[in-house]
Amino acid sequence: MLGLRHRGGCPGPGEVVALPPLEGEAAGGDHETESTSDKETDIDDRYGDLDSRIDSDIPEIPPSSDRTPEILKKALSGLSSRWKNWWIRGILTLTMISLFFLIIYMGSFMLMLLVLGIQVKCFHEIITIGYRVYHSYDLPWFRTLSWYFLLCVNYFFYGETVADYFATFVQREEQLQFLIRYHRFISFALYLAGFCMFVLSLVKKHCRLQFYMFAWTHVTLLIIVTQSHLVIQSLFEGMIWFLLPISSVICNDITAYLFGFFFGRTPLIKAAYVLSKYQYFVCPVEYRSDVNSFVTECEPSELFQLQNYSLPPFLKAVLRQERVSLYPFQLHSIALSTFASLIGPFGGFFASGFKRAFKIKDFANTIPGHGGIMDRFDCQYLMATFVHVYIASFIRGPNPSKVLQQLLVLQPEHQLNIYKTLKIHLIEKGIL
């Protein structure tokens, strides 16, 4: 007889519950003549019916309340709902862009805090949808464990960042040295504690739903937290690798809303040309222990130095010139903007499908006229992964500053061995 664990509860170790005989299966041994694939198909059909019945019991999420400021409501009261939404959306868009420019002016550290704040808010919006859908089941510890796992994952990722980029600062602090040395073990121990708490919170009649929400939390962490960590990694390579991809998606969204697909592409190449001139945007973000702050000072790499390129024959005839001066980064910006225009919107399609599955218009009502934070950053997370992979594949080379930081952490005898080896190597090459 085929035995499977009971679907409705959480039996103890080794406990199995026999399924009723499959259609056409005798009580004796005749069932052995039936193929295994047919059995599995019938089992899947019956469990599919169970899933559909449970899904039909999921309550619809009530629409979010209108959080438009009263002053805007009064000022736009004479307009139709269509034009009122257009003005609200436009005013708040300009406000957000102005605040974004202000944060850029405040420096890289404030941008990192901005990314962290957006990450937490997006996580909150998605987890809240899950909580509101299954709230009637009164699942124990769901929200508490969700936020605990968010804390654990952020501790792991930001600890890795500190170990990579702040080695000289960590070297001076004994307490931080202990945390960095055993960082991964501590991170695993924290996660393991949450895992055990989840197992202890299982309730027999809600066990299946609790595993649904456990998966919900982890998929949200994968999509939100991992991508935001990649955004910060790109930011450390230079602010331009943070600004241009985000601007590409923003321009694509705005022009798709106002003018159509093609109007937003040309200004991005011009923006890349302008930003490439300034160290503030092109230099990697580094932590200087002597001044105890982030700095963006360097000799720009060849990527941000004007180069002369020979044009193909068909372009020579059109442009009537044989050579053109460009920053190499402008060529890379074409790849970034192409991805933002062609593939980036699929992040929005994914988010739209998610919202449609739960019969909601927006993830939240944080921004009047725009919805939630997640509604505005659904494409950005997909773009973040592409930029990180693109930099690692085509741009990033050995980082002398990072290598030096790692050398300073080593024991004196190891530093001497490296010094002697490097000296011999430079003498053999005739440099010394």
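Residues numbered from 1 in each chain as written. Predicted model: local features only at pLDDT ≥ 70, side-chain atom pairs only at ≥ 80, totals over all residues. Heavy atoms only, no water.

S.K.: Quick one: what's the story with the packing of helix 14 (residues 328-342) against helix 16 (residues 373-395), residue by residue and with numbers?
M.R.: For any two helices packed against each other, one specifies the inter-axial angle together with the distance between the axes. Where helix 14 meets helix 16, the closest approach of the two axes is 11 Å, and the angle between their N-to-C directions is 155 degrees. If you check the angle between helix 14 and helix 16, you find them roughly antiparallel. Considering only the axes of helix 14 and helix 16, their crossing is right-handed. Between helix 14 and helix 16, the contacting residues are His332, Ala335, Leu336, Phe339 and Ala340 on the first element and Leu382, Met383, Phe386, Val387, Tyr390 and Ile395 on the second. (Axes fitted to C-alpha atoms, helices over the stretch in contact; angles between N-to-C directions. Helix = DSSP H or I, 4+ residues; strand = E, 2+ residues; numbered from the N terminus. Parallel < 35°, antiparallel > 145°, perpendicular 65-115°, else oblique. Left-handed = near helix turned anticlockwise from the far one by under 90°. Contact = heavy atoms within 4.5 Å.)

S.K.: How would you explain the environment of isoleucine 88 if you had to name every residue and give the values?
M.R.: Turning to its location among the elements, isoleucine 88 is positioned in helix 3 (residues 81-106). Overall, isoleucine 88 belongs to the buried group, its relative accessible area being 7%. Through-space distance from the C-alpha of isoleucine 88 to that of proline 368 is 7.1 Å; in sequence the pair is 280 residues apart. (Buried < 20%, exposed > 50% of the residue type's maximum accessible area, 1.4 Å probe, protein only.)

S.K.: I'd like to hear about the nonpolar core, residue by residue, with values.
M.R.: Formed by 37 residues in total, the largest nonpolar core has its most connected members in Leu111, Ile240, Trp241 and Phe242. Broken down by secondary-structure element, the contributors of at least two residues to this core are helix 3, helix 4 (108-133), helix 9 (207-236), helix 10 (239-258), helix 12 (279-282), helix 14 and helix 16. The dominant element in this core, judged by the number of residues it contributes, is helix 10, at eight residues. Contact partners of isoleucine 240, with chain neighbours within four places excluded, come to Pro245, Leu275, Ser276, Phe281, Val282, Phe304 and Phe329. (Core = buried A, V, L, I, M, F, W, Y, C linked by side-chain atoms within 4.5 Å.)

S.K.: Hey, could you go over the UniProt feature "transmembrane region" (unreviewed entry) in the protein chain for me, with residue numbers and the actual values?
M.R.: Under the UniProt annotation, the feature "transmembrane region" (unreviewed entry) is placed at residues 146-170, 182-203, 209-232, 239-263 and 329-351. Along residues 209-232 the backbone is 100% helical and 0% strand, and the end-to-end C-alpha distance reaches 34 Å. In the segment residues 329-351, helix accounts for 91% and strand for 0%; the C-alpha atoms at its two ends are 31 Å apart. (UniProt positions renumbered as here; feature names shortened; annotations may be inferred.)

S.K.: Outline the packing of aromatic side chains, listing residues and values.
M.R.: Under the criterion given, the structure shown has 20 aromatic pairs. Ring geometry for tryptophan 216 against phenylalanine 354: centres 5.7 Å apart, planes inclined by 65 degrees, an arrangement best described as edge-to-face. Placement of tryptophan 216 in helix 9 and of phenylalanine 354 in helix 15 (residues 345-357) is noted, with a sequence separation of 138 residues between them. Since its relative accessible area comes to 13%, tryptophan 216 is described here as buried. (Phe/Tyr/Trp six-rings, centres within 6.5 Å; stacked < 30°, edge-to-face > 60°.)

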